[in-house]
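Observations on chain architecture
As a plain string of letters, each chain reads:
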Amino acid sequence: MEALVVAVVLTVVVVAVSGLSRKYGLQAPIALVVVGLVLALVPGFPVIVLEPELVLIGVLPPLLYVAALETSVPAFRLNLRPILLLAVGLVLFTAVAVGLVVHALLPSVPLAICLAFGAVVAPPDAVAATAVARRIGLPRRLVTILEESLLNDATALVLFRVAVAVALGLAVGPVAIGQQVLVAAGGGIAVGALGAVTAAFLHRRTTDPLLDNSISLLTPFAVTVVAESIHASAVVAVVVAGLYLGHRMPTLMSAASRLQMGAFWRMVTFMLEGLVFLLVGLNLREVLAALDTPVAQVVGLTIAVLATVVATRFAWMYPATFLVRLLPRVRRRGTGLDFPGATVLAWAGMRGVVTLATALALPATLAGGETYPGRCSSGSLSRSSSARWCCRA
């Protein structure tokens, strides 16, 4: 009963804050985070513990699936170069830069764990970036490029898995690391393609809008379960399935089914996005209560990591935008971003609930038996659906 009351209270807060934000012209995502921060400090307000599995398996798949359904595949292909430069190149660049900075400031922490932490903070949040971009009326091309977050979560989680596996002594050497990457990325593509073909087959043979909507609702979760069962990347699988089905949806479903599905997913997205932003703020109390490190050191590390994340995005964005124009093929296409567009994309690097959930999956016990402060207290290790190698309390 208590859990139901908490869920109702959170839903009421999301609806109320979103409604007031629309009335007064505020950005609902930002307002929800601020309200969450305030409520987290209110004595007696329910303590909300954000479980990694809940976010990475219960919340992230439907949000990514909807974003993939709404993504124009031709536009995605047209902007493939900048998308890959951000989703793969920038994420790896940021993760390595943050990892090296943290290792320089905390030399006692193994480099592999520092790189895992870099992977935690590297991916911008797909929900935050696109939600804000659409509300402020950014050009469609910039929104399409910002939707590279569909892929950068996958890049970051694959890197996180590999880095933690190295720290735990489960992947040593280039061959083992290559196998980890191949299983995560290649397996995710295969599972996503299989799920897309299966869902398309069912949609073609269904005329009832309710059944069509049920199949659509089950698709991201089914793909996630299969991907997790073979230790592949569920994010990659969901994105692949969503891109394929979204591109072919007019030939798979009737107009009535598409109208009903659109309304259904808009409501689901509205509620999940709101809860995600609210929970990010509400977890402030949990974070502050778990601190056992001197405040000065925490503040210093926070500033260093924040500065590195911001600096790396700008340091990557401008060369990736303008230096590639030296290539004749890029010049002939003439589709490069201008300076204002590159600046907007450089600033659109908000981090969100995926970063928070992945941080909770950092291990407490490493290969040599060393124990570091972290989310888990017991130090026992088991395979986890949230980040492949995770501590369980």
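Everything quoted here is computed from the prediction, not taken from an experiment. (Residues numbered from 1 in each chain as written. Predicted model: local features only at pLDDT ≥ 70, side-chain atom pairs only at ≥ 80, totals over all residues. Heavy atoms only, no water.)

Next up on the list: the overall build of the protein. Helix and strand counts for the protein stand at 18 helices and 2 strands. Within the protein, residue pairs in contact and separated by at least 24 positions form 77% of the contacts whose partners lie at least 6 positions apart. Summed over its atoms, the accessible surface of the protein is roughly 18100 Å², and 73% of this surface lies on carbon and sulfur atoms. (Helix = DSSP H or I, 4+ residues; strand = E, 2+ residues; numbered from the N terminus. Contact = heavy atoms within 4.5 Å. Areas by Shrake-Rupley, 256 points an atom, 1.4 Å probe, with all protein chains shown as cover.)

This paragraph deals with helix α2 (residues 28–40). Here α2 is 13 residues long and its end C-alpha atoms lie 18 Å apart, about the 18 Å a rise of 1.5 Å per residue gives. By the burial criterion, the buried members of α2 are Ala-28, Pro-29, Ala-31, Leu-32, Gly-36, Leu-39 and Ala-40. Looking straight down α2, one finds that the buried residues subtend no more than 165 degrees of arc, so they occupy a single side. (Expected span 1.5 Å × (residues − 1). Buried < 20%, exposed > 50% of the residue type's maximum accessible area, 1.4 Å probe, protein only. Arc of directions from axis to C-beta.)

With that settled, the discussion passes to the nonpolar core. Ranked by internal contacts, the top residues of the largest apolar core, which has 35 residues, are Val-235, Leu-245 and Trp-265. Residue assignment for this core shows that the elements contributing at least two residues are α3 (52–69), α9 (149–167), α10 (174–204), α11 (209–229), α12 (234–252) and α13 (255–282). The dominant element in this core, judged by the number of residues it contributes, is α12, at 11 residues. Not counting residues within four places of it along the chain, the set of residues in contact with Trp-265 comprises Pro-62, Tyr-65, Val-66, Leu-69, Ser-216, Leu-217 and Pro-220. (Core = buried A, V, L, I, M, F, W, Y, C linked by side-chain atoms within 4.5 Å.)

For the structure shown, the criterion picks out 4 aromatic pairs. Seen in terms of ring centroids, Phe-314 and Tyr-318 are 6.0 Å apart; in terms of plane orientation they differ by 45 degrees. Their pairing is tilted. Taken together, the residues Phe-314 and Tyr-318, both in helix α15 (residues 295–322) and 4 residues apart, mark about one turn of the helix. Given the relative accessible area of 19%, Phe-314 is considered buried. (Phe/Tyr/Trp six-rings, centres within 6.5 Å; stacked < 30°, edge-to-face > 60°.)

It is worth spelling out α15 at this point. In a regular helix each residue adds 1.5 Å, so 28 residues correspond to 40 Å; α15 covers 41 Å between its end C-alpha atoms and thus fits that length. Among the residues of α15, those classed as buried are Leu-301, Ala-304, Val-305, Thr-308, Val-309, Thr-312, Arg-313, Phe-314, Met-317, Ala-320 and Thr-321. Of the surrounding secondary structure, the elements contacted by the buried residues of α15 are α5 (80–105), α6 (111–121) and α17 (339–347).

Attention now goes to a nonpolar patch on the surface. Together, Ile-30, Val-34, Val-38 and Val-42 make up an exposed nonpolar region whose accessible area comes to about 320 Å². Along the polypeptide, Val-34 turns up in helix α2. (Patch = residues over 30% accessible without salt bridge, like charges linked within 9 Å, V, L, I, M, F, W, Y side chains within 5 Å. Salt bridge = Lys/Arg side-chain N within 4 Å of Asp/Glu carboxyl O.)

For any two helices packed against each other, one specifies the crossing angle of their axes together with the interaxial distance. Viewed as axis vectors pointing N to C, helix α1 (residues 2–24) and α2 meet at an angle of 130 degrees, and their least axial separation amounts to 9 Å. With respect to α2, the axis of α1 lies oblique. Considering how the two elements wind past one another, α1 and α2 form a crossing that is right-handed. In this structure, α1 uses Val-13, Val-14, Val-17, Ser-18 and Ser-21 to contact α2, whose residues at the interface are Ala-28, Ala-31, Leu-32, Val-35 and Leu-39. (Axes fitted to C-alpha atoms, helices over the stretch in contact; angles between N-to-C directions. Parallel < 35°, antiparallel > 145°, perpendicular 65-115°, else oblique. Left-handed = near helix turned anticlockwise from the far one by under 90°.)

So, on to the environment of Ala-222. By secondary structure assignment, the location of Ala-222 is in helix α11. Between the C-alpha atom of Ala-222 and that of Val-191, which follows or precedes it by 31 residues, the distance is 10.0 Å.

The topology assignment puts Val-235 in helix α12. On the basis of relative accessibility, which here comes to 6%, the residue Val-235 falls in the buried class.

Now for the environment of Asp-212. Considering the arrangement of structural elements, one finds Asp-212 in helix α11. Taking the C-alpha atoms as reference points, Asp-212 and Met-261, separated by 49 residues in sequence, lie 7.8 Å from one another. Once you skip the residues sitting within four places of it in the chain, Asp-212 turns out to touch His-203, Thr-206, Met-253 and Ser-257.

For the rest of this paragraph, the subject is unusual backbone geometry. At His-231, a position not held by glycine, the phi torsion is positive, near 60 degrees. Within the secondary structure, His-231 is located in the loop between α11 and α12.

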